[in-house]
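Residue-level listing of the chains:
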Amino acid sequence: MPNRDVIELVAALADAGRRPAALERLAARCSAEALLVFGEEPETATLTPLCGTRSTIPTGPSWRALLMAARTPGVHRRDVTWPGRAAPVQAVAYGSPGLALVFLGPEDAPELADDLLPLLPLLAAMFRAEQRADALNGQLAVAREDAHRAENLAHSLGQVRAVLEQQANTLSEARIEAEGAIRAKDEFLAMLSHELRNPLSPIITGLHLLRMKQGPSHELMVVERQARQLMRLVDDLLDISRITRGKVRLNKVTHELGTTIARAIEMASPMLEEKHQTLDVAVPEQGFLIDGDPDRLAQVFSNLLINAAKYNSRNGRVSVIAEAAPDEVVVRMRDTGIGIAPDMLDRIFTPFTQQSQSLARSGGGLGLGLAIAKNLVELHGGTLRAASDGLGNGSEFAVALPLGPAPALVENERKEPDVSVDAPETTPPARLRLLVVDDNEDAASLLGETLTALGHEVRTAYDGPSALQLAEQFEFDAAVLDIGLPVMDGYELAQRLRARLHPPRRVRFIALTGYAQPADVERSLAAGFDHHLVKPVRVKELQALLHAHDG
Ligand code: ADP
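Computed from a predicted structure; not experimentally measured.

Q: Sorry if this is basic, but what is going on with a nonpolar patch on the surface here?
A: Taken together, the side chains of Phe188, Met191, Leu192 and Leu196 make up a nonpolar region of the molecular surface, amounting to roughly 340 Å² of accessible area. Turning to its location among the elements, Phe188 is positioned in helix α5 (residues 120–214).

Q: In this structure, what is going on with empty space enclosed by the protein? I would like to understand it.
A: One way to see where empty space is left: roll a probe the size of a water molecule over the atoms. Per the counting criterion, the structure on display carries three cavities of 30 Å³ or more. Estimates place the volume of the largest cavity at around 80 Å³. Contributing to the lining of the largest cavity are Ser201, Pro202, Thr205, Asp438, Ala443, Leu447, Leu512, Lys535 and Val537. Broken down by element, the lining of the largest cavity gets its largest block of residues, three residues, from α5. Class assignment of the residues belonging to the lining of the largest cavity gives a composition of five nonpolar, two polar and two charged.

Q: Help me understand helix α11 (residues 464–473), please; the structure alone is not making it clear to me.
A: Within an α-helix, residues lying three or four positions from one another point in the same direction, as the helix has 3.6 residues per turn. What α11 keeps buried is the set Gly464, Ala467, Leu468 and Leu470. An end-on view of α11 places all buried positions within 165 degrees of arc, on one side of the element. Seen from the open side of α11, the exposed residues pointing more than 90 degrees away from its buried face are Gln469, Glu472 and Gln473. Against the buried residues of α11 lie β13 (433–437), β14 (457–461) and α12 (490–499).

Q: Any chance you could explain the nonpolar core here in plain terms?
A: Soluble globular proteins tend to bury their nonpolar side chains together. With 46 residues, the main nonpolar core has Leu257, Phe301, Val331, Phe397, Val399 and Leu401 as its most contacted residues. In terms of residues, this core owes the most to one element, helix α8 (residues 294–310), which gives eight residues. Residue contacts for Phe301: discarding those within four places in its chain leaves Leu257, Thr260, Ile261, Ala264, Val331, Met333, Val399 and Leu401. Formed by 28 residues, the second largest nonpolar core is a distinct cluster that contains Leu26, Cys30, Phe103 and Leu116.

Q: For this particular structure, what's the right way to read the packing of helix α1 (residues 4–14) against helix α2 (residues 19–29)?
A: A pair of packed helices is captured by two measures, namely the crossing angle of their axes and the spacing between those axes. The geometry of α1 relative to α2 is characterised by a closest axis approach of 7 Å and an angle of 150 degrees between their N-to-C directions. Crossing geometry of α1 relative to α2 is assigned as left-handed. Residues Asp5, Val6, Leu9, Ala12, Leu13 and Ala14 of α1 form the contact with α2, whose own contacting residues are Arg19, Ala22, Leu23, Arg25, Leu26 and Arg29. Of the residues that constitute the contact of α1 with α2, the class distribution is eight nonpolar, no polar and four charged.

Q: Please clarify how the side chain of His380 should be interpreted in this entry.
A: As for its position among the elements, His380 is in the loop between α9 (369–379) and β11 (383–388). A polar atom in the side chain of His380 sits 2.8 Å from the backbone oxygen of Leu376. With residues up to four places along the chain from it excluded, the contact list for His380 reads Leu250, Lys252, Asp291, Gly292, Asp293, Arg296, Leu297, Leu401 and Pro402.

Each value, and the rule that gives it
Residues numbered from 1 in each chain as written. Predicted model: local features only at pLDDT ≥ 70, side-chain atom pairs only at ≥ 80, totals over all residues. Heavy atoms only, no water. Patch = residues over 30% accessible without salt bridge, like charges linked within 9 Å, V, L, I, M, F, W, Y side chains within 5 Å. Areas by Shrake-Rupley, 256 points an atom, 1.4 Å probe, with all protein chains shown as cover. Salt bridge = Lys/Arg side-chain N within 4 Å of Asp/Glu carboxyl O. Helix = DSSP H or I, 4+ residues; strand = E, 2+ residues; numbered from the N terminus. 1 Å grid on protein atoms, 1.4 Å probe; cavity = no way out; pocket = protein on both sides within 12 Å on 5 of 7 lines; lining within 4 Å. Points joined across faces, edges and corners; volume = space filled by probe spheres on them. Nonpolar A, V, L, I, M, F, W, Y, C, P; charged D, E, K, R; others polar. Buried < 20%, exposed > 50% of the residue type's maximum accessible area, 1.4 Å probe, protein only. Arc of directions from axis to C-beta. Contact = heavy atoms within 4.5 Å. Core = buried A, V, L, I, M, F, W, Y, C linked by side-chain atoms within 4.5 Å. Axes fitted to C-alpha atoms, helices over the stretch in contact; angles between N-to-C directions. Left-handed = near helix turned anticlockwise from the far one by under 90°. Polar contact = N/O pair within 3.5 Å; in protein donor to acceptor, adjacent residues only side chain to side chain.

This is the structure we're talking about:
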C-alpha cells in the first residue's frame, strides 16, 4: 500500500497549479537536489519535460541513456551531467510507460520505489489527459481566433456588399436616366425631323410650281438644289431615328437588282455630272434576283454612289461592278477619291462619324448615310464593308446580298416605279374637280395652285369642318387630304365626306402624310382612302393617280 504522504504529493503533482511546490516537497522527501518530470510527446514518442516542471531539456549521452532506460518500468540509476556541477551527479529515474520522474542526487531512492512506482501509470494517464486538454485548449483558441477572423471578414464583406449594392443602385438609376435621355433624344429627333419635313414639302412643291410658271432659272435651280439637300438631311435624320427605335419595315418584293442599281445611278448622276466624273458600270440588267425592298436598296446604292462622287476629285472615276458569289451577289462601288484612313474603316459606319473635317466635305452631310445604308443592307440579310488602301488611294464599298428564289418561282416581280422628280407633265387629259385639305396653309395653297396650273378646278380648306362645309356646294371628283388635321383627323374627314356624297358616286380619296410606314399605309386604306402619298408630294405621282381616276 503506498505511503499516504506520497499519494498526496503525487496527487498534487497532477494539479498544474500545485505542481511546482509538490515537486520541491517530493524532491526533499527523497533528499534529492531536484526532481524532473518527463512525459512522452505523443507525436514524436520522446520524453520531454512536462509543463509546470523544470523545462530545461538536459542533454548529453548520460541523459539520453537514462531517459532511454526510463522507458522500461522500474527504477534506473545513472550518473549524469548537471549544470553548475563539475562532477557527474547521481540520477534515479522512476520509469513507467509515457512518464519518468528523475531525482537528482537522492539518498533514499530505493525506499520510495514501492510507494511511487504503482502510482506512476495513474500520474501518466493524468498527464496525458492534461496534455490533451492543453492541445484541445490550443485548438479551441485557434478556432476562436479563426472564428473571430471569419467574423471580421464577414463584417468587411458585408460592408463591401453594401457599398457594391449602393453602387449598383446608383448605376441602375444612372442607366435608367441615360435610357430615358436616349429615348427622349430619339423621340425629339423623330419629332424634329418630322416637323422639319412639313414646311419643306410646300417649299419643294412651290419650287415646282415656280419652275412651271416661269421656266427654269439659275436662282430657282440653286434654291431647289438646296431645298432638296435639306430634304435629304431631314430624311436621313428621320431614317436614323426610325432605325434606333427599330421602326424600319421593308416592303420586300422579288426583283432584278440591275433595275434597282440603274435607278440608284440615275439618282446619283446629277452629282457625278456636276463633278465631271466618269462612271463605269458592269452590272447585268438581269440575272441577280433579289428578295428585297427596291426603294430602300436604291437608297443604299445611290447613297454609296453619291459618296463615291462626293469624296472624289473633279474628273475622278467611279465604277459599279456586280459579281455572283455562291448564294449571293456582291456589288462593289469603287472610286479614285480621297480614300479612308485604316482606323476609320469601321468607324465611318457609326452615326454622326466623319473623317477629319480637313478632308473634302464638299457635299456636306451629317455622317448618317453609311449607318443607314449598313442597317438597311443588314435588314436584308446582307453585309456592307468598306476597304481602302489609305488616304489618297480611293475607296471601295462592297454590298453583299443573298440571292432571291430561282426565276421560275417568281410570281410577283414588279415593275420599277418611275422615280423621276422632274417637272410634271403639262396638261392632264381631263379637268377634274379636286378638294385639297391641309392645315399647313402654305402647303394647301401651293398644292392647290399646282393642280390648278395643271388644269384642274381646285378648292382648298385648312381643317375638317370647313372642308365639310365646302363639300356642301362643291361636287368633287377626288379629295387630297392631310391626315394630321386639327379638330378631326384626315381619317374621320374622309369617312364623313364619303357619307355625305349625294347621290353616292365614285370619288377618289388620297391621303397625304409624312408617315410612310406600311402600318400607316394600311391604316389609310382601312379608313377608306384609295391611295396613300408621302410628303413632299411628287406632282407627277399625284397626277398619275388622278389620270388613273380619269381613266
Ligand atoms: P456623310 O457623307 O454625310 O458625312 P456618311 O455616313 O455617308 O455621311 O459617310 C461618313 C463618312 O465616311 C464621311 O463623312 C466620309 O468621311 C467617309 N466616307 C464615306 N464614303 C466615302 C468614300 N467613298 N470615300 C472616302 N470617304 C468616305
